[in-house]
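Commentary on secondary and tertiary structure
The chain contents come next:
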Amino acid sequence: MTGEHEPATGADDGGLYAARAAILELTALRGPQASICPSEAARRLEPVNWRAHMAQVRAAARELARTGRIAILRAGAPVALDDVRGAVRLRIAQDSAPGGV
């Protein structure tokens, strides 16, 4: 059985479950004062052929940002989902951090 924020995995999820899990794990480890590069999550999924996972990581990041679990940053500031392009970083949402920091 899955939790409220953890959809069931299936062959048709396109790797989004694993990408979401990697993003949430890495951003939680980094904490609310720091961020990760999306490529770090892709490398967590597959260290050698990580570029093949960037589309899933980008899609998962948008979904997590849409639900308020992470923030997508450019130049250190949150960016609206409609404006996400180019180099970005990912940070756990302040209220999603362990201890509610």
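Model, not experiment: these values are computed from the prediction.

If you walk across this open sheet you meet the 3 strands as β2-β1-β3, and the pairing is antiparallel. Both outer strands of the open sheet, β2 (77-78) and β3 (89-92), are each paired with one neighbouring strand and no more. Relative to β2, strand β1 (residues 70-74) runs antiparallel, the two sharing 2 bridges. Note on β2: the bridge partner recorded for Arg 74 is Ala 77.

A general trend in soluble globular proteins is that nonpolar side chains are found buried together. Of all hydrophobic cores here, the largest spans 20 residues; its most connected members are Ile 23, Ala 41, Val 57, Ala 61, Ile 70, Ile 72 and Leu 90. If you list the elements that add at least two residues to this core, you get α1 (16-30), α2 (38-45), α3 (54-66) and β1. The element best represented in this core is α3, accounting for 6 residues. Here Ile 72 is in contact with Ala 61, Arg 62, Ala 65, Ala 77, Pro 78, Val 79, Leu 81, Val 84, Val 88, Arg 89 and Leu 90, once residues within four sequence places are set aside.

Quick notes on the rules
Residues numbered from 1 in each chain as written. Predicted model: local features only at pLDDT ≥ 70, side-chain atom pairs only at ≥ 80, totals over all residues. Heavy atoms only, no water. Pairing = 2+ DSSP bridges. Helix = DSSP H or I, 4+ residues; strand = E, 2+ residues; numbered from the N terminus. Core = buried A, V, L, I, M, F, W, Y, C linked by side-chain atoms within 4.5 Å. Buried < 20%, exposed > 50% of the residue type's maximum accessible area, 1.4 Å probe, protein only. Contact = heavy atoms within 4.5 Å.

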